[in-house]
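Chain by chain, the residues:
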Amino acid sequence: MHTLKEKVSNQLSRFFGESQNSSSSSSSSPPPLDPPSSSPDSQGSTLKHGISLRTLIRKSADLPGPCVLIVGDRQGAVFGGLLECPLKPTPKRKYQGTNQTFVFTTIYGEPRLFRATGANRYYYMCLNDLLALGGGCNFALCLDGDLLNGTSGPCETFGNLCLAHQPEFELKNVELWGFTHSSKFLS
């Protein structure tokens with residue numbers, strides 16, 4: 001049986017540069033993301049660092065730039081999204097991010113990537129007790145502060161379907177991966 005990291009590592013390259021939104025694409029959609037130039041580096045993991053959103057936020061300080069939130073639930077679904085790190089909790093519900101933010105899931109047979117539709121700018125929200133991606137009628141993905149439970153539903157921001165098998169789910173693992181880019185200018 002593959003670990004969560006192996007399963008997602010094998011499928012991550014499919015996500016970059018592919019858009020499988022359920023809505024039709026328009027000329028205003030963001031350009032495709034370039035694939036990462038190096039392997040992902042896991043900095044925050046509930047298996048390694050315990051079940052706490054505050055710990056995940058603290059560990060995100062080591063990941064400047066884009067990072068991939070990988071979530072596994074107890075029914076075997078793997079899903080998540082692209083965020084900007086370090087995560088910065090706000091005292092009030094305030095959305096952050098850019099139109100490069102996306103969400104993904106593996107529950108529909110093939111990996112499905114949902115990019116921002118342009119309907120709103122509700123990319124993601126980070127509080128000390130909640131991390132949510134998307135908005136409108138539902139969050140595409142919402143994790144509670146203890147990283148034990150979450151919700152997912154169709155949202156206007158990404159035009160996504162439910163990312164998990166059920167709208168409410170128990171978390172098995174949460175990881176935050178950043179990308180270490182090597183440069184010929186740094187030595």
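Everything that follows concerns the structure shown earlier in this document.
Starting afresh in each chain, residues are numbered from 1 along the sequence in its written order. For a predicted model such as this one, the threshold for reporting local features is a pLDDT of at least 70, and the threshold for listing and counting side-chain atom pairs is 80 or more; totals across whole chains, interfaces and linings nevertheless cover every residue. Side-chain figures throughout are based on the complete set of non-hydrogen atoms in the structure, without hydrogens or water.

> Please explain the environment of Tyr 108 as it appears in this structure.
Along the chain, the position of Tyr 108 falls in the loop between strand E5 (102-105) and strand E6 (112-115). Expressed as a C-alpha distance, the spacing of Tyr 108 and Ala 77, which sit 31 residues apart in the sequence, is 9.6 Å. Only heavy atoms enter the contact rule, under which two residues are in contact if any of them lie within 4.5 Å. If we ignore the near neighbours within four places in the chain, the residues touching Tyr 108 are Leu 161 and Cys 162. Here a helix means four or more residues in a row that DSSP labels H or I, a strand means two or more in a row labelled E, and each is numbered from the N terminus.

> Even after reading the chapter, I still don't get the pattern of salt bridges, so can you show me in this structure?
Close approach of charged atoms lets side chains of opposite charge pair. Each reported salt bridge corresponds to a side-chain nitrogen of Lys or Arg within 4 Å of a carboxyl oxygen of Asp or Glu. Considering all chains together, one arrives at 1 salt bridge under this definition. Note that Arg 74 and Glu 170 form a salt bridge whose closest N and O atoms lie 3.9 Å from each other. Here Arg 74 is found in the loop between strand E2 (65-73) and strand E3 (78-85), whereas its partner Glu 170 is found in strand E11 (residues 168-179), with 96 residues between them in sequence. The class of Arg 74 is exposed, set by a relative accessible area of 56%. Three exposure classes are used, based on accessible area relative to the maximum for each residue type with a 1.4 Å probe and protein chains only: buried under 20%, partly exposed in between, and exposed over 50%.

> Even after reading the chapter, I still don't get the side chain of Thr 105, so can you show me in this structure?
Relative to the elements of secondary structure, Thr 105 occurs in strand E5. Accessibility expressed as a relative area gives 0% for Thr 105, which makes it buried. Counted as a polar contact is a pair of N or O atoms within 3.5 Å, where, for protein atoms, one must be capable of donating a hydrogen and the other of accepting one, and residues adjacent in sequence contribute only when both atoms are in side chains. Within the structure, the side chain of Thr 105 is placed 2.5 Å from the backbone oxygen of Leu 163, a separation counted as a polar contact.

> When you look at unusual backbone geometry in this model, what are you seeing that I'm missing?
Glycine aside, negative phi is the norm for most residues, and most peptide bonds take the trans geometry. Cis geometry marks the peptide bond from Cys 85 to Pro 86, where omega comes out at 0°. With a phi angle near 55°, Leu 147 is a residue other than glycine that sits in the positive phi range. Within the secondary structure, Leu 147 is located in the loop between strand E9 (141-144) and strand E10 (149-151). Its relative accessible area of 2% is what places Leu 147 among the buried residues.

> Would you mind going over the packing of aromatic side chains with me for this structure?
The description of two aromatic rings rests on the distance between their centres and on the angle between their planes. Aromatic pairs are defined between Phe, Tyr and Trp rings, using the six-membered ring for Trp, whenever the two ring centres lie within 6.5 Å; interplanar angles under 30 degrees are classed as stacked, those over 60 as edge-to-face, and all others as tilted. In this structure the tally under the stated criterion is 2 aromatic pairs. Measuring from ring centre to ring centre gives 5.1 Å for Phe 79 and Phe 169, while their planes differ by 80°; the resulting arrangement is edge-to-face. Residue Phe 79 is found in strand E3, and its partner Phe 169 is found in strand E11; the two are separated by 90 residues along the sequence. Over the ring of Tyr 108 we find Arg 112, and its NZ or CZ is 5.8 Å from the ring centre. Here, over-ring charges are defined by two tests on the NZ atom of lysine or the CZ atom of arginine: distance to the ring centre within 6 Å, and angle to the ring normal within 35 degrees.

> I would appreciate a short explanation of the nonpolar core in the present structure.
A general trend in soluble globular proteins is that nonpolar side chains are found buried together. Among the nonpolar cores identified, the biggest contains 32 residues, and Leu 69, Leu 87, Leu 141 and Leu 143 are the most heavily contacted of them. Contributing elements (two or more residues each) for this core: helix H3 (53-59), E2, E3, strand E7 (124-127), strand E8 (130-133), E9 and E11. At 4 residues, the largest contribution of residues to this core is made by E11. Once residues within four sequence positions are removed from consideration, Leu 143 is found in contact with Leu 69, Val 71, Asp 129, Leu 130, Leu 131, Asn 149, Gly 150, Phe 169, Leu 171 and Val 174. Ranked by size, the runner-up nonpolar core spans 9 residues in total, among them Val 68, Leu 82, Trp 177 and Phe 179. Throughout this description, the term nonpolar core refers to a set of buried Ala, Val, Leu, Ile, Met, Phe, Trp, Tyr and Cys residues connected via side-chain atoms within 4.5 Å.

> Whenever I open this one, the state of the cysteines confuses me. Can you help?
Should the sulfur atoms of two cysteines be covalently bonded, the bond is a disulfide. When the sulfur atoms of two cysteines come within 2.5 Å, that pair is taken as a disulfide. Under the criterion given, the structure shown has 1 disulfide. Cysteine Cys 126 is unpaired, with the sulfur of Cys 85 as its nearest cysteine sulfur at 9.1 Å. A disulfide-free cysteine, Cys 155 has its sulfur positioned 9.1 Å from the sulfur of Cys 137, the nearest such atom. Looking at Cys 155, the relative accessible area reads 6%, which means it is buried.

> Can you walk me through the pairing of E2 in this structure?
Burial analysis of E2 places 8 of its 9 residues in the buried class, the great majority of the element. Across 8 bridges, the pairing between E2 and E3 is antiparallel. Within the sheet, the bridge partner assigned to Gly 72 lies in E3 and is Val 78. At least two DSSP bridges between two strands are required for those strands to pair. The turn linking E2 back onto E3 is made up of 4 residues, and Gly 76 within it adopts a positive phi angle of 95°.

Remember, this is a structural readout, not a statement about activity or role.
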